[in-house]
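Observations on chain architecture
Residues per chain, in single letters:
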Amino acid sequence: MTIELVMLAWTLVLAFIQILLFDMARTAQYGLKWNTGARDEEMPPLNPRAQRLQRAQANLFETLPIFIGVVLIAHVTGRGTELSAIGAQVYFWARVAYVPLYAFGVRGLRSLAWLVSIAGLGLVAAPILVP
């Protein structure tokens, strides 16, 4: 299996972890009774940490389809290179760093982690777009 596919698999694990982190934060605030119920009642706004975890999850899900696409195109076409392998690792590790930076409200570094992840995405796409 290529490094790009391994990083894609781990990114999917990260996506699942982010779903769990948000769900745990929301359940911690609203309670287990709410979580196991129909969730029909109006609830107060989420606390800031739960809101940040929700936004961090949404942020990953914005770029995840693109990452999946470029990794699969690189694999299927045989156009993966050392550059795309490095890019996939950069994307993954920047996304890992992004979660706690956003969850704890760290300004600046959070945006830097996002930019690094986008650069990683570009490195994966480069061998496909510019042969």
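These numbers come from a predicted model, not from an experiment.

Over its 21 residues, helix 5 (residues 109–129) extends 29 Å from the first C-alpha to the last, a length consistent with the 30 Å expected when each residue adds 1.5 Å. Along helix 5, the residues classified as buried are A113, S117, G120, L121, V124, A125, P127 and I128. In this structure, the buried residues of helix 5 make contact with helix 3 (48–77) and helix 4 (82–103).

Before going further, it helps to examine the environment of R39. Looking at the element boundaries, R39 is found in the loop between helix 2 (32–36) and helix 3. Taking the relative accessible area as the measure of exposure, R39 reaches 37% and is therefore partly exposed. Not counting residues within four places of it along the chain, the set of residues in contact with R39 comprises R26 and W34. Among the polar contacts listed, one links the side chain of R39 to the side chain of N35, at a separation of 2.4 Å.

Definitions and limits used
- Within each chain, residue numbers correspond to sequence positions counted from 1 in written order.
- The model is predicted, so local features are restricted to residues of pLDDT at least 70 and side-chain atom pairs to those at 80 or more, both for listing and for counting; the totals for chains, interfaces and linings are taken over all residues.
- Side-chain descriptors were evaluated using all non-hydrogen atoms of the structure, hydrogens and water having been removed beforehand.
- Strands here mean DSSP runs of E at least two residues long; helices mean DSSP runs of H or I at least four residues long; both are numbered from the N terminus.
- Given the number of residues in a helix, its expected span is that number minus one, multiplied by 1.5 Å.
- Only protein chains enter the accessibility calculation, which uses a 1.4 Å probe; a residue is then buried when its area is under 20% of its type maximum, exposed when over 50%, and partly exposed in between.
- Two residues form a contact once any of their heavy atoms are found within 4.5 Å.
- Contacts described as polar in this section are N or O atom pairs within 3.5 Å, which, within protein, must combine one atom able to donate a hydrogen with one able to accept it, while residues neighboring in sequence count only if both atoms come from side chains.

Without other data, these values stay purely geometric and don't point to any function.
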